Amino acid sequence: MNDTARVIDAMMGYYAGDPRRINHFLKVYGFAKAIGEMEKLSADMQDTLELAAVTHDIGIKNSELKFGSSAGGYQQTEGPPEARKLLSALGIDGQRIDRVCWLIAHHHTYNNIKDPDYQILVEADFLVNAYEDELSPSAVDSVRRKVFKTATGLLYLDRLYPAG
């Protein structure tokens, strides 16, 4: 079994009884995997992106317990320690864990995105959130202009929400 499958299994255990959270990370993973492959990421960066996509919202549970909120800032703070515990227990390489934790700590920060794995994680999360949060056409258009940069991410966004 590969690392991504083991992390998906562990995350399903982590969020057992919460189908909304499980479905969310699986959808983000699906978009991130497809975008990363279409954008021809290196195998190492692709693997890291996939682990980050699966674990990106791991901080929600503690955010809600501690602060009564799943706001992005709380997720970015609470997520990395939880991800580090989960990934370490599965024997994931320390450098990979560091990068996944960094991505989790920034996945709701949309300025100064320079690295392809970071860009793709943000785009994949937005593709899912636009639907789940029922974003208005004007909000989707704003995100299209301000956040999306990859050709594949833009293609998928336009297929889901054709610019009007």
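It should be noted that the structure appears before, not after, this text.
Heads up: these notes are all about the structure in this document. All of these numbers come straight from a predicted model, not from anything done at the bench. (Residues numbered from 1 in each chain as written. Predicted model: local features only at pLDDT ≥ 70, side-chain atom pairs only at ≥ 80, totals over all residues. Heavy atoms only, no water.)

**Thoughts on helix H1 (residues 3-14)**
- The terminal C-alpha atoms of H1 lie 16 Å apart, and with 12 residues this matches the ideal 16 Å at 1.5 Å per residue to within 8%.
- Regarding H1, the residues found buried are Thr4, Val7, Ile8, Met11 and Tyr14. Within H1, the buried residues cover an arc of 120° as seen down the axis, which keeps them to one side. Among the exposed residues of H1, those pointing more than 90 degrees away from its buried face are Asp9 and Gly13.
- Between the side-chain oxygen of the N-cap and the backbone nitrogen of Thr4 there are 3.1 Å, and the N-cap of H1 in question is Asn2. (Helix = DSSP H or I, 4+ residues; strand = E, 2+ residues; numbered from the N terminus. Expected span 1.5 Å × (residues − 1). Buried < 20%, exposed > 50% of the residue type's maximum accessible area, 1.4 Å probe, protein only. Arc of directions from axis to C-beta. Polar contact = N/O pair within 3.5 Å; in protein donor to acceptor, adjacent residues only side chain to side chain.)

**Digging into the pattern of salt bridges**
- Considering all chains together, one arrives at 15 salt bridges under this definition.
- Close ionic contact of Glu78 with Lys66 constitutes a salt bridge, the shortest N to O distance being 2.9 Å. With Glu78 in helix H5 (residues 72-89) and Lys66 in helix H4 (residues 60-67), this residue pair connects regions lying 12 residues apart in the sequence.
- Residues Glu82 and Lys85 are paired through a salt bridge, measuring 2.8 Å at the closest nitrogen-oxygen approach. Taken as a pair, Glu82 and Lys85 lie in helix H5 at a separation of 3 residues, close to a single helical turn.
- One continuous salt-bridge network, built from bridges that share partners, spans Asp141, Arg144, Arg145 and Asp158. (Salt bridge = Lys/Arg side-chain N within 4 Å of Asp/Glu carboxyl O.)

**Observations regarding the environment of Leu90**
- With respect to the helices and strands, the residue Leu90 is situated in the loop between H5 and helix H6 (94-104).
- Leu90 sits in the partly exposed class, given a relative accessible area of 22%.
- When the C-alpha atoms of Leu90 and Ala10 are compared, they prove to be 8.6 Å apart, with 80 residues separating the residues in sequence.
- When near neighbours in sequence (up to four residues on either side) are disregarded, Leu90 contacts Arg6, Val7 and Ala10. (Contact = heavy atoms within 4.5 Å.)

**Thoughts on the layout of surface pockets**
- In this structure, the largest pocket encloses a volume near 250 Å³.
- For the largest pocket, the lining is made up of 13 residues, of which Arg20, Arg21, His24, Asn129 and Asp133 are closest to its centre.
- Classifying every residue of the lining of the largest pocket gives 3 nonpolar, 5 polar and 5 charged. (1 Å grid on protein atoms, 1.4 Å probe; cavity = no way out; pocket = protein on both sides within 12 Å on 5 of 7 lines; lining within 4 Å. Points joined across faces, edges and corners; volume = space filled by probe spheres on them. Nonpolar A, V, L, I, M, F, W, Y, C, P; charged D, E, K, R; others polar.)

**A word on unusual backbone geometry**
- Even without glycine at this site, Asn112 takes up a positive phi of about 65°.
- Phi at Glu134 is positive, roughly 50°, even though this residue is not glycine.
- With respect to the helices and strands, Glu134 occurs in the loop between helix H7 (116-132) and helix H8 (137-146).
- The exposure class of Glu134 is exposed, given its relative accessible area of 70%.

**A short note on the packing of H1 against H5**
- The N-to-C vectors of H1 and H5 enclose an angle of 125°; their axes lie 10 Å apart at closest approach. As judged from the angle between their axes, H1 and H5 are oblique. Once H1 is placed against H5, the crossing between them reads as right-handed. Facing H1, whose interface residues are Val7, Ala10, Met11 and Tyr14, H5 presents Glu82, Leu86 and Leu87.
- When the residues that make up the contact of H1 with H5 are grouped by side-chain class, the tally is 6 nonpolar, no polar and 1 charged. (Axes fitted to C-alpha atoms, helices over the stretch in contact; angles between N-to-C directions. Parallel < 35°, antiparallel > 145°, perpendicular 65-115°, else oblique. Left-handed = near helix turned anticlockwise from the far one by under 90°.)

**Here we look at the environment of Asp141**
- Inspection of the secondary structure assignment puts Asp141 in helix H8.
- Classification of Asp141 by relative accessible area gives partly exposed; the value is 30%.
- Expressed as a C-alpha distance, the spacing of Asp141 and Gly30, which sit 111 residues apart in the sequence, is 22 Å.

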